[in-house]
Amino acid sequence: MCRMARPRKPLLSRERIVAVALALVDSEGLAAVSTRRLAAELGVSGPSLYNHFTTKDEILDAVADTVVAQVDISMFDDGTDWRTALLDWGRSYRAALTAHPHIVPFLAQGPGRRPAGLRMADAVFGGMVKAGWPPAHATRIGALMRYFVAGSALGSFARGFVDDAGAYDPADYPHLGQAHLLAGHQEQVDEGAFETGLRALVAGLDQLYGENAR
């Protein structure tokens, strides 16, 4: 009588570890990620993770880089006008971060040695210099865009208001009579605020310094 073969466990790989770690970050936050927790989720022993990653921070680096790799940077190398390039990149960048908001505090530390993060920094800097911006200005533009996008993905303005009209007594807050409605329109408010700020930022760069890149 033939024995039925036991189902094989999926082979452990960097990609599988990163995918499970990202799912943990998305569902429970950065604090949920530990080598012990990951090993349990993957159904392996803890030491087996060290064949692929030396530390937890290396795992988080890979998770962060996976998120950044989702950002479209092609507009900096296809002849797109720098204004449109910044707008399109900013939207793509924010979309990637808002899909994985819990990784944003880790990403906000900078690209470090992460390949996708460095490719993005290189593309933005190169695109701005190619458009005519002096290198110092190009560096500042990349930095300020990162500050703006990361900040917009860290939290929700609309969610900061409760849906209780009684919390906003007109005697104390005469201009917040409709504030309790904001939480019910979170996406609309936050997307609108981001788009307004992004367009103002790029228009301001053009007005103040645009002669550097005509």
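Our subject is the structure listed above.
Cut-offs applied
Residues numbered from 1 in each chain as written. Predicted model: local features only at pLDDT ≥ 70, side-chain atom pairs only at ≥ 80, totals over all residues. Heavy atoms only, no water. Helix = DSSP H or I, 4+ residues; strand = E, 2+ residues; numbered from the N terminus. Buried < 20%, exposed > 50% of the residue type's maximum accessible area, 1.4 Å probe, protein only. Lys, Arg positive; Asp, Glu negative; His and termini not counted. Salt bridge = Lys/Arg side-chain N within 4 Å of Asp/Glu carboxyl O. Contact = heavy atoms within 4.5 Å. Expected span 1.5 Å × (residues − 1). Arc of directions from axis to C-beta. Phe/Tyr/Trp six-rings, centres within 6.5 Å; stacked < 30°, edge-to-face > 60°.

Peer 1: Can you walk me through the side chain of D65 in this structure?
Peer 2: Positionally, D65 belongs in helix α4 (residues 56-68). It turns out D65 is buried and unbridged, and the closest side chain with the opposite charge, R114, is 4.4 Å from it. In contact with D65, not counting residues within four places along its chain, are R114, P115, A116 and G117.

Peer 1: Sorry, what's going on with the environment of M120 here?
Peer 2: Its place among the elements puts M120 in helix α7 (residues 115-130). Considering only alpha carbons, one finds M120 and V71, 49 residues apart in sequence, at a separation of 8.1 Å.

Peer 1: Got a minute to help me understand helix α1 (residues 14-28) in this structure?
Peer 2: Given 3.6 residues per turn, any residue in an α-helix points the same way as the ones three and four places further on. The end-to-end C-alpha separation of α1 is 21 Å, in line with the 21 Å expected for 15 residues at 1.5 Å each. Along α1, the residues that are buried comprise I17, V18, A21, L22, L24 and V25. Angularly, the buried residues of α1 cover 160° about the axis, an arc narrow enough to put them on a single face. Pointing more than 90 degrees away from the buried face of α1 are the exposed residues E15 and S27. Buried-residue contacts for α1 involve α2 (35-42), α3 (46-49) and α4. At the exit of α1 stands G29, carrying a positive phi of roughly 100°.

Peer 1: Please explain the pattern of salt bridges as it appears in this structure.
Peer 2: In a structure, side chains of opposite charge can pair up when their charged atoms sit close to one another. By the definition in use, this model includes 10 salt bridges. Linking D61 and R114 is a salt bridge whose minimum nitrogen-to-oxygen distance equals 2.7 Å. One end of the pair, D61, is in helix α4; the other, R114, is in the loop between α6 (104-107) and α7, with 53 residues separating them in the sequence. Accessibility expressed as a relative area gives 29% for D61, which makes it partly exposed. When salt bridges with common partners are traced through the structure, they connect D88, R91, E195 and R199 into a single cluster.

Peer 1: Whenever I open this one, the environment of L107 confuses me. Can you help?
Peer 2: Mapped onto the elements, L107 comes out in helix α6. C-alpha separation for the pair L107 and R119, spaced 12 residues apart in sequence, amounts to 14 Å. Leave out the neighbours within four places in its chain, and L107 touches A64, V67, V68, L97, R114 and R146.

Peer 1: What exactly am I supposed to notice about the environment of V71 here?
Peer 2: Tracing the backbone shows V71 in the loop between α4 and α5 (82-99). When the C-alpha atoms of V71 and Y50 are compared, they prove to be 29 Å apart, with 21 residues separating the residues in sequence. Contacts of V71, omitting those with residues within four sequence positions, involve W89, S92, Y93, A96 and M120.

Peer 1: Would you mind going over the packing of aromatic side chains with me for this structure?
Peer 2: Ring pairs (aromatic) are described by centroid distance and by the angle formed between their planes. Tallied over the full model, the rule gives six aromatic pairs. Taken together, a centroid distance of 5.0 Å and an interplanar angle of 85° make the contact between W82 and W133 edge-to-face. Of the two residues, W82 sits in helix α5 while W133 sits in the loop between α7 and α8 (135-154), which places them 51 residues apart along the sequence. Overall, W82 belongs to the buried group, its relative accessible area being 4%. Taking the relative accessible area as the measure of exposure, W133 reaches 2% and is therefore buried. With 5.2 Å between their ring centres and 65° between their planes, F157 and F161 make a pair best called edge-to-face. With relative accessibility at 17%, the residue F161 sits in the buried group.

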